[in-house]
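# Chains, contacts and geometry: an overview
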Number of protein chains: 2
Amino acid sequence: MSDTSPSAGAPVPPIDAAAQSSDPSEQGDANAAGVIDLLGAIGYNLLSGFTRIVADSELAPTLGVRSQMVTLARAELANYDRVVARLEELGTRPEEAMDPFVAAVDAFHARTRPSTFLEGIVKVYVGDGIANDFYREVSAFVDPATRELVEGVETGEEFAAFVVRTVREATKADPRVGGPLALYGRRLVGEALSQGQAVAVERDALAALLVDNPASDLLEIGRMFGRLTEAHTRRMGALGLAH
Amino acid sequence: MSDTSPSAGAPVPPIDAAAQSSDPSEQGDANAAGVIDLLGAIGYNLLSGFTRIVADSELAPTLGVRSQMVTLARAELANYDRVVARLEELGTRPEEAMDPFVAAVDAFHARTRPSTFLEGIVKVYVGDGIANDFYREVSAFVDPATRELVEGVETGEEFAAFVVRTVREATKADPRVGGPLALYGRRLVGEALSQGQAVAVERDALAALLVDNPASDLLEIGRMFGRLTEAHTRRMGALGLAH
């Protein structure tokens, strides 16, 4: 990677080279392992997000809507490809990096399988929303190349607008759908947090990215969870659903 | 499209311009409607093939195999995009062209849902095989631009080799899996033919492509079904399964 080499005018790396390097291993083995865990978790989350969106697209009421869901799935797959490429660049087999996260992510999906089209799109909106917020938070603690990648894997702004419009129209047409959807939204966050916690307990390196980082502390982690929760509350509000 | 224009040396279209034109409407309204039906059927078949392969990829035993299935799904989606582009080029809304085939294709998938990973890959191999053979046969009766597209939507030669290897290894390891897989293969053809027949009865324009075409006759259609059946038998043989 060209941005790992010192520039021609500065053959000696500057003192803060580690923080600026795009090679996480220069920031210590623990950080390197944490970055690979983070990319593995994001990668498998994108792969199964892609898979579930495609499978749930069969619930779409029209081919036009189904095609919008496929467009979103393409974006998730393109992001997955970028994460896989970065893992390979770091000398890791992508499957090995993703394997430790299969159980938790699969459990999340198994426990939140949507039974209606509306649940399907609320799941994408709420689930991708929390995931994207979390990635943006964690990216503060990783090397710049990984950070740029992680910050770029956000998908679905257009789709989010579609979800908001569709759910608001549906609850206006039949106010009774609002309650079960709000309940489903709460279940999504609950399962996401519970699986996230299970991962944090098992994957020390990933947890250390947050906990042992000089730029981070427990207070800051508390604040982060506060921000994630607030953003989720705003999203449920945008849908017109109780949270 | 450049190949619709007469070449610089021949400003006047030759007498057989209709047969050479890439615009099916110049071959008569019936043929044009048949071509749109054909593209609609292929398009929806590719979209739901893509969807089912992605959903069934969750049955894969490892992330590596799952990734191979996703690669195949990408190829189906790329072909779907080409069919959609061609339908738009012909001035048709792709959703409208595909709509008449949703029921039959969905019924095929609902009745052949694989319950194991092996069934999943046999379904892709056998189902795509029959579909590709049929497209190649029908493409003889359509305008050259459509023909080129239809002949190009074949996917999965590499994947076919993987299926053959995997099924042979599985039946070698446990000969008892062969019987149910062979039965499943027969069910796949039966359902494909029965849904194909339902479509032919309902879609006059599509059926007319074969039946009313001067290049075709009933005897030739009989031969075509013979060729499709032989090719299917060869594929089951390649898997080492009774047919």
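Below is a short write-up of the structure. (Residues numbered from 1 in each chain as written. Chains lettered and ligands numbered in written order. Predicted model: local features only at pLDDT ≥ 70, side-chain atom pairs only at ≥ 80, totals over all residues. Heavy atoms only, no water.)

### Looking at the relation of the copies chain A and chain B
The cut-off we apply is this: Superposition of the copies was done by least squares, using only C-alpha atoms of residues whose pLDDT is at least 70 in both. In what follows, residue pairs with any heavy atoms lying within 4.5 Å of each other are defined as contacts.
By a simple turn and slide, chain A fits onto chain B: the slide is 0.0 Å along the axis, the RMSD is 0.0 Å, and the turn is 180°. Expressed as an axis order, the relation between the two copies is that of a two-fold axis. No C-alpha of chain A lies nearer the rotation axis than that of Ala-55 of chain A, which sits 2.6 Å from it. Here 100% of the contact residues of chain A are again contact residues in chain B; the copies associate through an equivalent surface.

### Side note on helix 8 (residues 178–202) of chain A
All names here are of chain A. The following threshold applies: Strands here are runs of E lasting at least two residues and helices are runs of H or I lasting at least four, both read from the DSSP assignment and numbered beginning at the N terminus. The span one expects for a helix is its residue count, reduced by one, times 1.5 Å. Residue burial is assigned from relative accessible area. The probe radius is 1.4 Å, only protein chains are included, and a residue is buried under 20% of its type maximum, exposed over 50%, and partly exposed in between.
Compared with the 36 Å implied by 1.5 Å per residue over 25 residues, the 37 Å span of helix 8 between its first and last C-alpha is a close match. Of all the residues in helix 8, the buried ones are Gly-178, Leu-181, Ala-182, Tyr-184, Gly-185, Leu-188, Val-189, Glu-191, Gln-195 and Val-199. Where helix 8 is buried, its residues meet helix 4 (94–111), helix 5 (117–138), helix 7 (157–173), helix 9 (204–211) and helix 10 (218–238).

### A few points about the packing of aromatic side chains
Residues and elements named next belong to chain A. Put simply, the test is: The criterion for an aromatic pair is that two Phe, Tyr or Trp rings (for Trp, the six-membered ring) have centres within 6.5 Å, with stacked assigned to planes under 30 degrees apart, edge-to-face to planes over 60 apart and tilted to the rest.
Summed over the entire model, instances satisfying the criterion amount to three aromatic pairs over all chains. Between Phe-159 and Phe-162, the ring centres sit 5.5 Å apart and the planes meet at 45°, which makes this aromatic pair tilted. Placement of both Phe-159 and Phe-162 in helix 7 is noted, with a separation of three residues, approximately one turn of the helix. Phe-162 carries the same exposure label as Phe-159, and that label is buried.

### Observations concerning the nonpolar core
Using the following cut-off: Residues belong to one nonpolar core when they are buried, are Ala, Val, Leu, Ile, Met, Phe, Trp, Tyr or Cys, and are joined through side-chain atoms within 4.5 Å.
Ile-121, Val-167 and Leu-239 of chain A together with Ile-121, Val-167 and Leu-239 of chain B are the most contacted members of the largest nonpolar core, which totals 134 residues. Here Ile-121 of chain B is in contact with Met-69, Phe-159, Phe-162, Val-163, Thr-166 and Val-167 of chain B, once residues within four sequence places are set aside.

### Overview of the interface of chain A and chain B
Here is the rule: The term buried area refers to how much accessible surface (probe radius 1.4 Å) is lost by two components on association, counted for both of them together. Salt bridge, as used here, is a side-chain nitrogen of Lys or Arg placed within 4 Å of a carboxyl oxygen of Asp or Glu. Any N or O atom pair separated by 3.5 Å or less is treated as a polar contact, with the protein-specific requirement of one donor-capable and one acceptor-capable atom, and with residues adjacent in sequence counted only for side-chain atom pairs. Amino acid classes used here: Ala, Val, Leu, Ile, Met, Phe, Trp, Tyr, Cys and Pro are nonpolar; Asp, Glu, Lys and Arg are charged; the rest, including Gly, are polar.
Between chain A and chain B, the residue contacts involve 23 residues of the former and 23 residues of the latter. For the pairing of chain A and chain B, the buried interface totals around 1,900 Å² over both sides, and the portion due to carbon and sulfur atoms is 61%. Among the residues of chain A in contact with chain B, Leu-63, Arg-66 and Arg-74 of chain A are the three that bury the most area, contributing 29% of the side total. Viewed at the interface, chain B and chain A are joined by four salt bridges. Between Arg-74 of chain B and Asp-81 of chain A there is a salt bridge; the shortest N-O distance is 2.7 Å. The tally of links between chain A and chain B comes to eight residue pairs in polar contact (both at pLDDT 80 or more). At the level of elements, helix 2 (29–56), helix 3 (63–89) and helix 4 of chain A are the ones that each hand at least two residues to the side of chain A that touches chain B. Taken together, the residues that form the side of chain A that touches chain B break down as eleven nonpolar, four polar and eight charged.

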